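Take a look at the letters that make up each chain.
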Amino acid sequence: MPFDGKRVFDSDSINGLKYLPKSIAITGSGIVAIEFAKIFKNLGTDVTLIIRDNVPRNALKKIGLDIDLAAALNADLIRSGIKIERGAQVAGYNIPDSPVKPIVLTLEGRGGGSRPTGCATEISCDTYLAAVGRVPNTKNMNLESIGVELDSYGCISVDGNLCSSLPGIYAAGDVLGRPFLASTGVAQGIAAVNAIFATNGAVGQGPSKGGNISGPACSGDDAEDCEVDGDLGSTGAAYDPASLASNPFAFPVGVWSSPEAAYYGLSLEQAKEMNINAGSSIALYSECLRGVVFSPNGLLKLVFEKPSGRILGVHIVGDDACELIHYGMELVRSKRTINDVISNMYSAVTFHELYRIAANAAQNEVAARKRRAAAGAALAAANRRKSRKK
């Protein structure tokens, strides 16, 4: 790929861009690609998003987003005027010497070959951004020669104490692979230092395979009401930040687009894959007063175990989603139930009311669907009025 830091960028070098392009093409369907697509669109740039998947929301699901959040973000991209080239990849680059002439990208179908009739085979743009993912910067460290095990992506394999396959060598942060988040890197670093200076014999035993979620399990007095246990619900002294190395449910994930998206815990699909009897409930932003007044486009979704109502996951798309998710994280980690949420008091005209609305929806799905339909119809009518005024 002809990166030059002038017209062709990756997700790092784009931060040094010294001009606002009139048009930009972005390859990628992950968090970074979406964030930059919305940034440039909000600045007035014409944006084309090139994705390999034929169904945009499926591409978003692959990075962990719940299907409803993925659909909402995809709808927002389209509503924003961002053009999406589906099932496509860049096959060639024509970058002229003159900075006033456009870059011409040649497109081919996913995996090579021709695109379907009617689909674009060329795109002209001022700037091109490849936001197609990251790999750990371990290639030239020669770690395997000293016995440090790497996976096929170059990520360092570690155990629950963040110790590598070579006793005494610990790792934290992006060299472990996803999620490539500063917050998880800091937590991993703290956990690694704690493990290094631990006095018991449990640390430094080499990497283990798999995550730390044990799946369905319960014992003791809670056995009749609880179907899920393990690190997903751990909190306080029982919460192990070292599980961030391998447990995708041990940290909140945020997408800093507009609207924001965030999630913590299990999606409904993931819960069913773990053979958990689970359900979900939704609250629309347009169902709470703050949403109606300030930002009606968005939703909050609770995933819960049946019949106990224990909350297993929280998924949000809309204003302040990346702030709201931390309350949801505590609901999951402290094993709160739908009834607990309903019995709590929430200040009026706050987005936190969405939690109670979603919890109520779990207890009466028929009435909840009617309320969402009415709220959705009112929002659609308001959007039509705005469009006519423009």
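Model, not experiment: these values are computed from the prediction. (Residues numbered from 1 in each chain as written. Predicted model: local features only at pLDDT ≥ 70, side-chain atom pairs only at ≥ 80, totals over all residues. Heavy atoms only, no water.)

Our focus in this paragraph is the confidence of the model for the protein. Residue-level pLDDT values for the protein average 85, and 86% of them are 70 or greater. Segment residues 230-242 is flagged for pLDDT under 50; beyond a separation of four residues in sequence, or across chains, it makes 33 contacts in the model. (pLDDT = per-residue confidence, 0-100. Contact = heavy atoms within 4.5 Å.)

Read from one edge to the other, the open sheet built from three strands follows the order β5-β6-β7, with strand pairing classed as antiparallel. The sheet terminates laterally at β5 (88-94) and β7 (122-125), the two strands that pair on one side only. Between one strand axis and the next, the sheet turns through 30° on average, direction left out of account. By the bridge criterion, six bridges tie β5 to strand β6 (residues 103-109) in an arrangement that is antiparallel. (Pairing = 2+ DSSP bridges. Helix = DSSP H or I, 4+ residues; strand = E, 2+ residues; numbered from the N terminus. Axes fitted to C-alpha atoms, helices over the stretch in contact; angles between N-to-C directions.)

Turning to the pairing of strand β10 (residues 261-265), a few remarks are in order. Extensive coverage of β10 is indicated by the burial of five of its five residues. Connecting the antiparallel pair strand β9 (residues 253-255) and β10 is a turn made up of five residues. (Buried < 20%, exposed > 50% of the residue type's maximum accessible area, 1.4 Å probe, protein only.)

Here the focus is the nonpolar core. Ile 14, Ile 26, Phe 40, Val 47, Leu 49, Leu 65 and Leu 129 are the most contacted members of the largest nonpolar core, which totals 32 residues. Sorting the residues of this core by element identifies β2 (23-27), α1 (31-42), β3 (46-50), α3 (67-79), β9, β10 and β11 (278-284) as the ones contributing at least two each. Per-element tally for this core: the top contributor is α1, with five residues. Listed in part, the 28 residues of the second largest apolar core include Ala 262, Tyr 264, Ala 283 and Val 332. (Core = buried A, V, L, I, M, F, W, Y, C linked by side-chain atoms within 4.5 Å.)

Between its first and last C-alpha atoms helix α7 (residues 321-333) spans 18 Å; for 13 residues at 1.5 Å apiece the expected length is 18 Å, and the two agree. Turning to α7, its buried residues are Ala 321, Cys 322, Leu 324, Ile 325, Gly 328, Met 329, Leu 331, Val 332 and Arg 333. Remark: Lys 335 follows α7 within two positions and exhibits a positive phi of approximately 60°. (Expected span 1.5 Å × (residues − 1).)

Attention now goes to the side chain of Glu 260. Inspection of the secondary structure assignment puts Glu 260 in the loop between β9 and β10. Despite its burial, Glu 260 pairs with no opposite charge, the nearest such side chain being Lys 38 at 11 Å. In this structure the side chain of Glu 260 is engaged in a polar contact, spanning 3.2 Å, whose partner is the backbone nitrogen of Ala 321. Within the local environment of Glu 260, its side chain forms a polar contact with the backbone nitrogen of Cys 322, the two atoms lying 2.9 Å apart. Not counting the four nearest positions on each side in its chain, Glu 260 is found in contact with Val 255, Ile 316, Val 317, Gly 318, Asp 320, Ala 321, Cys 322 and Glu 323. (Lys, Arg positive; Asp, Glu negative; His and termini not counted. Salt bridge = Lys/Arg side-chain N within 4 Å of Asp/Glu carboxyl O. Polar contact = N/O pair within 3.5 Å; in protein donor to acceptor, adjacent residues only side chain to side chain.)

Time to look at the packing of helix α9 (residues 353-363) against helix α10 (residues 365-389). Remark: α9 packs on α10, axes separated minimally by 6 Å, with the N-to-C direction vectors making an angle of 130°. Taken together, the axes of α9 and α10 lie oblique to each other. Of α10, the residues touching α9 (which contributes Ala 361, Ala 362 and Gln 363) are Glu 365, Ala 368, Arg 371 and Arg 372. Per-class residue counts for the contact of α9 with α10 are three nonpolar, one polar and three charged. (Parallel < 35°, antiparallel > 145°, perpendicular 65-115°, else oblique. Nonpolar A, V, L, I, M, F, W, Y, C, P; charged D, E, K, R; others polar.)

Right, let's get into a nonpolar patch on the surface. Taken together, the side chains of Leu 289, Val 292, Val 293, Phe 294 and Val 349 define a hydrophobic patch exposed on the protein surface, amounting to about 470 Å² of accessible area. Within the secondary structure, Leu 289 is located in helix α6 (residues 289-294). (Patch = residues over 30% accessible without salt bridge, like charges linked within 9 Å, V, L, I, M, F, W, Y side chains within 5 Å. Areas by Shrake-Rupley, 256 points an atom, 1.4 Å probe, with all protein chains shown as cover.)

The subject of this paragraph is the side chain of Asn 74. Structurally, Asn 74 is set in helix α3. Excluding its chain neighbours within four sequence positions, the residues that come into contact with Asn 74 are Pro 56, Leu 60 and Ile 84.

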